[in-house]
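Overview (structure and organization)
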Amino acid sequence: MQKTYTATFHISTVITVIIALVLLAVLTLCSKFEPHKKVKICKDFKTWVSAQEAFNADSVKYSGLDRDGDKRVCESMKKSL
């Protein structure tokens, strides 16, 4: 009877540690995505040039500015110049 209790204790300890590690990994990944930061759109920039410069510096972060994938952002702003 004693052996069964000891084995159950060890299994529950291992499961608890695994759950804690998974939660830690999930929290770490979530913090890298920064969901609290707003996605930039063309209206967030005063000029087309500033939007294009931001995109050129970090095309992943500002990928929402290039809707058609041609590497030219906020083309409607450029047309109004």
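Let us look at the structure shown here. These figures come from a predicted structure and were not determined experimentally.

A closer look at the packing of aromatic side chains
Working definition: an aromatic ring pair is given by the centre-to-centre distance plus the angle between the planes. With the rule as written, the count across this model stands at 1 aromatic pair. Ring centres 6.0 Å apart and planes at 70 degrees place the aromatic pair phenylalanine 45 and tyrosine 62 in the edge-to-face group. Here phenylalanine 45, found in the loop between α1 (2–33) and α2 (48–57), pairs with tyrosine 62, found in the loop between α2 and α3 (75–79); they are 17 residues apart in sequence, far enough to count as distant. In this structure, phenylalanine 45 and tyrosine 62 share a single accessibility class: buried.

Let's talk about the nonpolar core
One broad trend across soluble globular proteins is that nonpolar side chains are buried collectively. Residues Phe45, Trp48, Ala51, Ala54, Phe55, Tyr62, Leu65, Val73, Cys74 and Met77 constitute the largest nonpolar core, which totals 10 residues. With 4 residues, the single largest contributor to this core is α2. When sequence neighbours within four positions are dropped, the list of residues in contact with phenylalanine 45 reads Lys40, Ser50, Ala51, Ala54, Tyr62, Leu65 and Met77.

Notes on the pattern of salt bridges
Scanning the entire structure with this criterion turns up 1 salt bridge. The closest approach of N and O atoms between arginine 72 and aspartate 70, which form a salt bridge, is 3.3 Å. Owing to a relative accessible area of 25%, aspartate 70 belongs among the partly exposed residues under this scheme.

Regarding α2
Buried within α2 are the following residues: Trp48, Ala51, Gln52, Ala54 and Phe55. Seen from one end, α2 has its buried residues packed into an arc of 160 degrees, which puts them on one side. Seen from the open side of α2, the exposed residues pointing more than 90 degrees away from its buried face are Glu53, Asn56 and Ala57. Next to the buried residues of α2 lie α3.

Brief notes about unusual backbone geometry
In this structure, lysine 71 takes a positive phi of about 70 degrees despite not being glycine. Within the secondary structure, lysine 71 is located in the loop between α2 and α3. At cysteine 74, a residue that is not glycine, the phi angle is positive and equals roughly 45 degrees. Within the secondary structure, cysteine 74 sits in the loop between α2 and α3. Judged by its relative accessible area of 4%, cysteine 74 falls in the buried class.

Rules and cut-offs
- Residues numbered from 1 in each chain as written.
- Predicted model: local features only at pLDDT ≥ 70, side-chain atom pairs only at ≥ 80, totals over all residues.
- Heavy atoms only, no water.
- Phe/Tyr/Trp six-rings, centres within 6.5 Å; stacked < 30°, edge-to-face > 60°.
- Helix = DSSP H or I, 4+ residues; strand = E, 2+ residues; numbered from the N terminus.
- Buried < 20%, exposed > 50% of the residue type's maximum accessible area, 1.4 Å probe, protein only.
- Core = buried A, V, L, I, M, F, W, Y, C linked by side-chain atoms within 4.5 Å.
- Contact = heavy atoms within 4.5 Å.
- Salt bridge = Lys/Arg side-chain N within 4 Å of Asp/Glu carboxyl O.
- Arc of directions from axis to C-beta.

Note that every value here comes from positions in space, so none of it alone points to a role or purpose.
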